[in-house]
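Chain residues, written in single-letter form:
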Amino acid sequence: MPEGHSVHRLARQFTDVFGGRRIRATSPQGRFAEGAALLDGQVLKRARAHGKHFFADVSGGHVLHVHLGMYGAWTFGGDQDFAAASSIGAPRRVGEREVHDDGAPAAEPARDADGWVQPPPPAATVRLRLRAEHGWADLIGASRCRALTPAEAADVVAGLGPDPLSDDDPAPFYDLARRTRRPIGVVLMDQAAVSGIGNIFRAEALFRADYGTILRDRAGVLALAAEAGMDPDEARRVQIGR
């Protein structure tokens, strides 16, 4: 699952390539057709992140809310004025890579009757396609994709802990961590306690803090083992041996 830093990167990219521009929104898959209709023709003001949650504020009083979950990803494409990574989110297929500028002149993309870049036909799994004049973004596999009011978006953030990558006051997290009897590794993964941390940053933070907690936390060990492709029985033996 993409952790908070990836979602912040996504929000920055969205603001760079879509911010202040009118967008077209469709749902090729059909599952977000009503939400896409609310976004279609509006101006994307800015994108932002709180932990693993992505928000895009658009004109018309709506907020796009996306949580990528385990399998979600955004893919991007466009002309030379649309500078974006090709994909952000879940890992791509083996062998897939970013396309970098090698100095060669890029082929001029096809354009529609309005002069907007014409993207290729969408895959059947695309939940949401957003287009602007110079490029597009396709969303697949997200666990959550909704059009909210600003108040509803604020309620989502209110239910989350402080985001270490924002200017949030960390005091609520410190207070909770001092009071709880749960292992600190579990607390770090609790999005209501602190937002955006996943297994990778939990393990790295505890290692740098010289904590053995992650190795004494059975659930944490098994989760990391699953991500690494380790047999659960072997993971238990490692845990017991430490």
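Everything numeric in this text was worked out from a predicted model, so none of it was measured. (Residues numbered from 1 in each chain as written. Predicted model: local features only at pLDDT ≥ 70, side-chain atom pairs only at ≥ 80, totals over all residues. Heavy atoms only, no water.)

Let us look at the sheet that holds strand β4 (residues 53–58). Pairing is antiparallel in the open sheet, where five strands are placed in the order β1-β3-β4-β5-β10. Each edge of the open sheet carries a strand with a single partner, namely β1 (21–22) and β10 (144–148). The sheet contact formed by β1 and strand β3 (residues 43–50) spans two bridges and is antiparallel. Looking at β3, one finds that R22 is bridged to V43. Sitting on the sheet, helix α3 (residues 150–158) touches β3, β4, β5 (62–67) and β10, and the angle it makes with β10 is about 135 degrees. (Pairing = 2+ DSSP bridges. Helix = DSSP H or I, 4+ residues; strand = E, 2+ residues; numbered from the N terminus. Contact = heavy atoms within 4.5 Å. Axes fitted to C-alpha atoms, helices over the stretch in contact; angles between N-to-C directions.)

Now for the pairing of strand β9 (residues 135–140). Burial of β9 is extensive: five of the six residues sit out of reach of the surface. One ladder, built from six bridges, connects strand β6 (residues 73–78) with β9; its direction is antiparallel. Looking across to β9, one finds that A73 is bridged to I140. (Buried < 20%, exposed > 50% of the residue type's maximum accessible area, 1.4 Å probe, protein only.)

We now examine the packing of aromatic side chains. A complete count under the given rule lists seven aromatic pairs for this structure. With a centroid separation of 5.7 Å and 70 degrees between ring planes, the pair formed by F14 and F76 is classed as edge-to-face. Linking F14 in helix α1 (residues 4–18) with F76 in strand β6, this pair joins segments that are 62 residues apart in sequence. Ring centres of F173 and Y174 lie 6.0 Å apart, and the angle between their planes is 55 degrees; on these two criteria the pair is classed as tilted. Its relative accessible area of 13% is what places F173 among the buried residues. Using a relative accessible area of 45% as the deciding quantity, one classes Y174 as partly exposed. Among the aromatic residues, those joined into a ring-pair cluster are F14, F18, F54, W74, F76 and F82. (Phe/Tyr/Trp six-rings, centres within 6.5 Å; stacked < 30°, edge-to-face > 60°.)

F14, F18, F54, L64, W74 and L128 are the most contacted members of the largest nonpolar core, which has 32 residues in total. Looking at this core, the elements with two or more residues in it are α1, α2 (33–39), β3, β4, β5, β6, β8 (126–132) and β9. By residue number, the principal contributor to this core is α1, which donates six residues. Not counting the four nearest positions on each side in its chain, L128 is found in contact with A25, T26, F32, A36, L64, W74, A137, D138, L139 and C145. Core analysis: the next-biggest nonpolar cluster, separate from the first, contains seven residues, F173, V187, L188 and I197 among them. (Core = buried A, V, L, I, M, F, W, Y, C linked by side-chain atoms within 4.5 Å.)

Below, the discussion takes up a nonpolar patch on the surface. The grouping of M1, M70 and Y71 at the surface amounts to a nonpolar patch, some 360 Å² of accessible area in total. Looking at the secondary structure, you find M70 in the loop between β5 and β6. (Patch = residues over 30% accessible without salt bridge, like charges linked within 9 Å, V, L, I, M, F, W, Y side chains within 5 Å. Areas by Shrake-Rupley, 256 points an atom, 1.4 Å probe, with all protein chains shown as cover. Salt bridge = Lys/Arg side-chain N within 4 Å of Asp/Glu carboxyl O.)

Turning to the sheet that holds β6, a few remarks are in order. Spatially, five strands are ordered β2-β8-β9-β6-β7 in an open sheet, and the strand pairing comes out antiparallel. On the outer flanks of this sheet lie β2 (24–26) and β7 (87–89), each paired with one strand and no other. Each strand of the sheet is rotated relative to its neighbour by a mean of 15 degrees, with strand direction disregarded. In terms of strand pairing, β2 meets β8 through three bridges, oriented antiparallel. The residue of β8 that forms the bridge with R24 is R131.

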